[in-house]
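# Results of the structural survey
What follows is each chain in one-letter form.
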Amino acid sequence: MRIGILGTGAMARALGEQWERAGHDVVAGGRTRGGPRAAAEHGTDAVLLAVPYAAVVDVVAGLAGTLAGRVLIDCTNPVGPDFGLLTAGGPAAAERIAAAAPAARVVKAFNLCHESVWRLTPPVFAGRPLAVPLCGDDADALAVVRRLVRGLGCTPLHAGGLDRAGLVEATAALLIRLWVGEGADAQAIAPPLEFAGVSGSAARAGRRSGSS
């Protein structure tokens, strides 16, 4: 795949280096290296949006024409002081990005983990591959991102349309608060599937949906 990355920070480097190892053709661009427009033009298969949330709408709006038709992967987290959600009350960050580049095909993904996790090859914990929730409205765009998720050794999970992205962003704010603010093992807040009140048939259907 030809992948463009808007940004040159830690997340951009971590995911970009992994995709390069997997054989993808990756170009990253930021204010001090290359340029975001060149990266967006390069990303004919996918563009990763990895810039600080404060700048994200302006960056996307300035590239709206170039991003038309592109799969635009949003890994940003609108988390502010005291781990508050900057988009509380909506719309979600992913929805604001989609509004700034209405012809792009936006998928929310890769926002729940610190960049150090994406440097693991692969991210597997206690024998279980990391799961990555995806939100998006375009089936073809979701298929592209699922392929990139699997290429990292992770499991893609269907989390709904872009209107559900706000829930994933709020989850990130909560997890960051628990991990960083409290020093807690946030993974412990969720029981295993067999204790989640889900029937066997529903669980099997959910697994099929997540792996499609």
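One can find the structure itself at the top, above this paragraph.
Attention now moves to the environment of Glu-169. Inspection of the secondary structure assignment puts Glu-169 in helix α8 (residues 165-182). For the pair formed by Glu-169 and Leu-112, sequence separation is 57 residues and the distance between their alpha carbons is 8.0 Å. Once you skip the residues sitting within four places of it in the chain, Glu-169 turns out to touch Asp-74, Pro-78, Leu-85, Thr-87, Ala-92, Ala-93, Ala-94, Lys-108 and Asn-111. For Glu-169, the side chain forms a polar contact with the main-chain nitrogen of Ala-93, separated by 2.9 Å.

Another point: the pairing of strand β3 (residues 46-49). On β3, burial covers both faces: Ala-46 and Leu-48 on one face and Val-47 and Leu-49 on the other are all buried. Alignment of strand β1 (residues 2-6) against β3, held across four bridges, turns out to be parallel. Its bridge partner being in β3, Gly-4 is matched across the sheet by Val-47. The pairing of β3 with strand β4 (residues 71-74) spans three bridges and is parallel. Bridging from a neighbouring strand, Val-47 pairs with Leu-72 of β4.

Here we take up the packing of helix α3 (residues 53-62) against helix α5 (residues 93-100). Contact geometry for α3 and α5: axes closest at 8 Å, N-to-C directions at 20 degrees. Taken together, the axes of α3 and α5 are roughly parallel relative to one another. Judged by the sense of rotation from one axis to the other, the crossing of α3 with α5 is right-handed. Residues Tyr-53, Val-56, Val-57, Val-60 and Ala-61 of α3 pack against Ala-93, Arg-96, Ile-97 and Ala-100 of α5. Within the contact of α3 with α5, the residues separate by chemical class into eight nonpolar, no polar and one charged.

A few words now on helix α7 (residues 139-151). Its 13 residues give α7 an end-to-end C-alpha distance of 18 Å, which sits within 8% of 18 Å, the value for a rise of 1.5 Å per residue. Where α7 begins, the side chain of Asp-138 points an oxygen toward the backbone nitrogen of Asp-140, at a separation of 3.0 Å. Once α7 ends, the next one or two residues include Gly-153, with phi positive near 85 degrees.

This paragraph deals with the sheet that holds strand β2 (residues 25-29). Strand order across the open sheet formed by seven strands is β2-β1-β3-β4-β5-β8-β9, with mixed pairing between neighbours. The open sheet has two free edges, formed respectively by β2 and β9 (155-158), since each of these has just one partner strand. Averaged over all pairs of adjacent strands, the angle between their axes in this sheet comes to 25 degrees, without regard to strand direction.

Right, let's get into the state of the cysteines. Within the structure shown, the criterion is met by zero disulfides. No disulfide involves Cys-75; its sulfur sits 11 Å from that of Cys-113, the nearest cysteine. The exposure class assigned to Cys-75 is buried, which follows from its relative accessible area of 8%. This cysteine, Cys-135, is not joined by any disulfide, and Cys-75 carries the nearest cysteine sulfur, 14 Å off. Cys-135 sits in the buried class, given a relative accessible area of 0%.

A word on α5. All of the buried residues in α5 are Ala-93, Ala-94, Ile-97 and Ala-100. For α5, the arc enclosing every buried residue in end-on projection is 120 degrees, short of the 170-degree limit, so these residues lie on one face. Residues of α5 that are buried in the fold lie against β3, α3, α4 (64-67), β4, β5 (105-108) and α8.

Let's shift gears to the environment of Gly-183. When you line up the elements, Gly-183 lands in the loop between α8 and α9 (200-211). Linking Gly-183 and Val-132, residues 51 residues apart in sequence, is a C-alpha distance of 22 Å.

What follows concerns the pattern of salt bridges. As enumerated under the stated definition, the model contains eight salt bridges in all. Taking the shortest distance from any N to any O, the salt bridge between Arg-177 and Asp-82 comes out at 3.7 Å. With a gap of 95 residues between them, Arg-177 in helix α8 and Asp-82 in the loop between β4 and α5 connect regions that are remote in the sequence. Arg-177 sits in the partly exposed class, given a relative accessible area of 31%. Of the charged contacts in the structure, one is a salt bridge between Glu-182 and Arg-177, with a shortest N-O distance of 3.3 Å. Taken together, the salt bridges that share partners define one network made up of Glu-17, Glu-115 and Arg-119.

What counts and how
- Residues numbered from 1 in each chain as written.
- Predicted model: local features only at pLDDT ≥ 70, side-chain atom pairs only at ≥ 80, totals over all residues.
- Heavy atoms only, no water.
- Helix = DSSP H or I, 4+ residues; strand = E, 2+ residues; numbered from the N terminus.
- Contact = heavy atoms within 4.5 Å.
- Polar contact = N/O pair within 3.5 Å; in protein donor to acceptor, adjacent residues only side chain to side chain.
- Buried < 20%, exposed > 50% of the residue type's maximum accessible area, 1.4 Å probe, protein only.
- Pairing = 2+ DSSP bridges.
- Axes fitted to C-alpha atoms, helices over the stretch in contact; angles between N-to-C directions.
- Parallel < 35°, antiparallel > 145°, perpendicular 65-115°, else oblique.
- Left-handed = near helix turned anticlockwise from the far one by under 90°.
- Nonpolar A, V, L, I, M, F, W, Y, C, P; charged D, E, K, R; others polar.
- Expected span 1.5 Å × (residues − 1).
- Disulfide = S-S within 2.5 Å.
- Arc of directions from axis to C-beta.
- Salt bridge = Lys/Arg side-chain N within 4 Å of Asp/Glu carboxyl O.

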